[in-house]
Amino acid sequence: MSTRKTKVEITLSRDLSAFDITMIGVGAMIGAGIFVLTGHAAGAAGPAFLIAFLLNGVVTLFTAASYAELGSAYPEAGGGYLWVKEGLSPLFGFLSGWMSWFAHALACSLYALGFGSYAADLLYHSGVTVLGMEQEGLSVALAIAMSVIFTFINYLGASETRAVGNIVTMTKVVILAVFAAFGLAALFRLPHSTQNFVPFAPQGLISIISAMGLTTIAFQGYEVIAQCGEEVENPKRNLPRAIFAAIGIVVIIYLGVGFVALGAIDLGKLSADVRASLPIGVDSTWEFLAHFEETAIVEAARQVMPFGAYILLFAGLVSTISALNATIYSSSRVSFAMGRDRNLPPFFGKIDSRRRTPAVAIFISGGLVILMVIALPIKDVASAADIMFLILFAMVNLTVIRLRKLRPDLDRGYKVPLMPLIPILGITFQALLALSLFQLSPIAWFTTVLWIAAGLVFYVAYVRTAEAMEEPKLVLHEEIVTVRRQSLVFPLDRKTRVEHLMPFVGAWAQENEAEILALHMVRVPAQLSIRQGRMFLAEGKALLERVITAAKEVDVPVHSLIRLGRDEVKGIFRTARQRRASLMVLDWRGYTRSRGRIFGHVIDRLVDNPPCDIAVVSHKGLDEIKRILVPIGGGPHAALAASLAAQLGVHFDASVTMLNICTREFTSEEQERRLERLKATTAGMEFPFMYQVLPAADTVEGILAQAVDHDLVLVGAAWHRPFDQILFGNIPERLAAQCPKTVIMVKRRDPLEAILRRIRPGVPTEPPVEAADGVVA
């Protein structure tokens, strides 16, 4: 055995599947396009906005291909800002981040205004008034209120979970599919439905380009997918697939919903109230949609399906809320990263010590969102965001061309075909669409030019002379280095009682010739990228040093690992599976503050479906280990309890008593049968066990009476059927709570149950094991 200086291993948890990131992209795109911008697009191009949607989908593929290549080559980089910085120049890198920050803030303003419009419409049609405000003023007030609320929510560190996000997205897709089905049925009942599409391009063919530019933001969800690269399983394969799948799904949805919204409305059957609200001269469905602007789809649903307006209002509210939350932390992520790089003042790169969120970046980004909500109408907000994203996407297309020449060595999971034709086509169309928006919204172009000019001034005055914040250094340890087949996982947090548990961990490691894998999970809030979570690495330094020091005292090899991720349990689970751990040791402090949990959020989830054999230690003071008590009631976990007790017995030269409590009167024959079952449990174990069968009115009371004369109680989990939602069972859990001596509860991993959980719907399951994590260099 040798010692040497080594860096602690740092890994990133990759928890998102291809389906997850596809749903993230679909959710981001549906959030703006179909709910908020359909009416505006109809006003810009008439029925030809359907062609605008289709062509936007095609044009989007050019830039999406660049994102797919760069995302598969740099899955950890986090999107356009860092790619441009790598591939072009510091100035272009700064400008891409500067515009990305503002573009996400504008997108957030768009979602806030969309929410305000939908909520105000719902209140108006429900007959509810708020402080006597008109509907338009109320929608702006609600938009401001929601911006403030979600800025504060992001400061607190809350975020939409992956499961909730998938449910929200699927709900939106299902509602839009139902709307499309009702709309098609209504369309076929109309005798002259084709007249709703004539004239097809009343504003001229050039108007199609304006509608494309206006709705560009509705197709930018692939950028959100790329930002998730560091959290994706097998990103080289899954990122490109998710990008193209999301675009395909969204284009089909947009065309289907837009088609029925145009074709299914019978203007002759409008109610008197709706007819009265229309201006004079509205005699076509596209003008009907254009009049209602961001609530156009709601009004279309009101005409073609029962309770359609309320159903679409619900979907629109959920969609805009979800998108509002996501874009606030996307905006703050970009500004935080720029603060760390000194492309913005350093206070943008500061982390709130309590919440672990970039508080300053969040509040300033939230303030920018609120300013845009107040200052610009929704069409101008959308147009300004479109221009910003189009310029950013053009930079990314330039970057993919340049990096193909500068870095041919990159391991690309996907390569853009026909290079450089595809990116050049993307740049050409982006320039054309951006210029077309000047006619639709001059103020959007003025806003864009003013923001870029301010950025250039700021770059010259500050950024060129500033130095990036020093990245956290990886912690150096004196580590015992060996190669052993077995691994014993010891998860640590700030409250883990390392010195109390190390006697057990060290003994089991020595007796099994295994190494200790000291694992510290760092939970990174959604408001930061996983890689930005490196600033929390120092918190695990003292913990790891305590384990390493204790392990050296007993001459046991130890490997230290810090893992960054969103979910501590999944990170621990994956580490145990990847390292093929034989045993995991957890510390339970005798209480939990998690409502509805027995041992706590982390222990309960791990014990419910363990990735390996597991031992939970409830330490209550221990001077020495000379007498070990192992209560046995049968079941598959009894042998594990006996085996671990025997190893402790060998290590500490302690006696081990196997105990069976009988709660009814028994004969000598019954006692003998129980003794034989106890001996069968320890068959093949070369250790001098002692065996006892004793009567008691209550099993736990009988064990507690015997525990008085022992130093340690080690008990296996109770037998249970697959899918039973129990952890260790009633008796072990009562012992852990009531016994004054240290209690160790153990549970064997059941491979069959793990397989059954994976194939049975609705049952908590283990995450799939990935091939490897990205390792921070």
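As a reminder, the structure under discussion sits directly above these lines.
Cut-off values and rules
Residues numbered from 1 in each chain as written. Predicted model: local features only at pLDDT ≥ 70, side-chain atom pairs only at ≥ 80, totals over all residues. Heavy atoms only, no water. Helix = DSSP H or I, 4+ residues; strand = E, 2+ residues; numbered from the N terminus. Buried < 20%, exposed > 50% of the residue type's maximum accessible area, 1.4 Å probe, protein only. Contact = heavy atoms within 4.5 Å. Areas by Shrake-Rupley, 256 points an atom, 1.4 Å probe, with all protein chains shown as cover. Lys, Arg positive; Asp, Glu negative; His and termini not counted. Salt bridge = Lys/Arg side-chain N within 4 Å of Asp/Glu carboxyl O. Polar contact = N/O pair within 3.5 Å; in protein donor to acceptor, adjacent residues only side chain to side chain. Pairing = 2+ DSSP bridges. Core = buried A, V, L, I, M, F, W, Y, C linked by side-chain atoms within 4.5 Å. Axes fitted to C-alpha atoms, helices over the stretch in contact; angles between N-to-C directions. Parallel < 35°, antiparallel > 145°, perpendicular 65-115°, else oblique. Left-handed = near helix turned anticlockwise from the far one by under 90°. Expected span 1.5 Å × (residues − 1). Arc of directions from axis to C-beta. Phe/Tyr/Trp six-rings, centres within 6.5 Å; stacked < 30°, edge-to-face > 60°. 1 Å grid on protein atoms, 1.4 Å probe; cavity = no way out; pocket = protein on both sides within 12 Å on 5 of 7 lines; lining within 4 Å. Points joined across faces, edges and corners; volume = space filled by probe spheres on them. Nonpolar A, V, L, I, M, F, W, Y, C, P; charged D, E, K, R; others polar.

Visitor: Mind showing me how you'd approach the overall build of the protein chain here?
Guide: In terms of regular secondary structure, the protein chain is built from 26 helices and 13 strands. By residue count, 57% of the 777 residues in the protein chain fall in the buried class. Looking at the protein chain alone, contacts between residues at least 24 apart form 83% of all its contacts between residues at least 6 apart. Surface exposure of the protein chain reaches about 31400 Å², of which carbon and sulfur atoms provide 60%.

Visitor: Would you mind showing me how to read the side chain of K747 here?
Guide: Its location among the elements puts K747 in strand 13 (residues 742–747). It turns out K747 is buried and unbridged, and the closest side chain with the opposite charge, D608, is 5.5 Å from it. Within the structure, the side chain of K747 is placed 3.0 Å from the backbone oxygen of V607, a separation counted as a polar contact.

Visitor: Where do I start with the pairing of strand 13 in this structure?
Guide: When you tally the buried positions in strand 13, you get six out of six residues, the bulk of the element. Where burial is concerned, the two faces of strand 13 agree: the one with T742, I744 and V746 and the one with V743, M745 and K747 are both buried. One ladder, built from five bridges, connects strand 8 (residues 613–618) with strand 13; its direction is antiparallel. Bridge pairing in strand 13 places V617 opposite I744. When strand 12 (residues 712–716) meets strand 13, the two strands line up parallel, connected through five bridges.

Visitor: Whenever I open this one, the nonpolar core confuses me. Can you help?
Guide: Soluble, globular proteins show a tendency: their nonpolar side chains are buried together. Ranked by size, the top nonpolar core spans 206 residues in total, and within it F179, F288, L289, L312, W508, I516 and L714 carry the most contacts. A per-element tally of this core places helix 4 (residues 90–125) first, with 18 residues. Contact partners of F288, with chain neighbours within four places excluded, come to I265, L267, L270, V274, L278, V282, E299, A300 and Q303. The next biggest cluster of nonpolar side chains, apart from the first, holds 34 residues, and it includes W588, C612, I614 and I703.

Visitor: I would appreciate a short explanation of the packing of helix 3 (residues 80–87) against helix 15 (residues 378–406) in the present structure.
Guide: Relative placement of two packed helices is described by the angle separating their axes and the distance separating the axes. One can describe the packing of helix 3 onto helix 15 by two numbers: an axis separation of 9 Å at closest approach and a directional angle of 45°. If you check the angle between helix 3 and helix 15, you find them oblique. Considering only the axes of helix 3 and helix 15, their crossing is left-handed. For the pair helix 3 and helix 15, the contacting residues are G80, W83, V84, E86 and G87 in the first and M395, V396, T399, R402, L403 and L406 in the second.

Visitor: Help me out: how do you make sense of helix 17 (residues 442–461) in this one?
Guide: Since the α-helix advances by 3.6 residues per turn, residues separated by three or four positions end up pointing in the same direction. Spanning 20 residues, helix 17 covers 29 Å between terminal C-alpha atoms, matching the ideal 28 Å at 1.5 Å per step. A444, W445, T447, T448, W451, G455 and Y459 are the residues of helix 17 that are buried. Taken around the axis of helix 17, the buried residues stretch over an arc of 160°, which confines them to a single face. Among the exposed residues of helix 17, those oriented more than 90 degrees off its buried face are F446, L450, V457 and A461. In this fold, the buried residues of helix 17 make contact with helix 4, helix 14 (359–375), helix 15 and helix 16 (421–440).

Visitor: Even after reading the chapter, I still don't get the packing of aromatic side chains, so can you show me in this structure?
Guide: The description of an aromatic ring pair uses the distance of the two centres, along with the angle that the planes make with each other. Going through the model one piece at a time under the given rule, you end up with 30 aromatic pairs. Aromatic pair W101 and W451: ring centres 5.8 Å apart, planes at 65°, arrangement edge-to-face. Within this pair, whereas W101 is found in helix 4, its partner W451 is found in helix 17, the two being separated by 350 residues in sequence. Pairing F438 with F446 gives two aromatic rings, centres 6.1 Å apart and planes at 85°, and the pair type is edge-to-face.

Visitor: Teacher, can you tell me more about the layout of surface pockets here?
Guide: Empty pockets left among the atoms are what a rolling probe the size of a water molecule brings to light. In this structure, the second largest pocket encloses a volume near 1200 Å³. Considering the residues around the second largest pocket, the lining is formed by 31 residues, among which D493, R494, E568, R589 and V602 are closest to the centre. Broken down by secondary-structure element, the contributors of at least two residues to the lining of the second largest pocket are strand 4 (486–492), strand 5 (514–523), helix 20 (568–578), strand 7 (583–587) and helix 21 (601–608). Ranked by the residues each element gives to the lining of the second largest pocket, the list is headed by strand 5, at four residues. When its residues are assigned to classes, the lining of the second largest pocket shows 12 nonpolar, seven polar and 12 charged.

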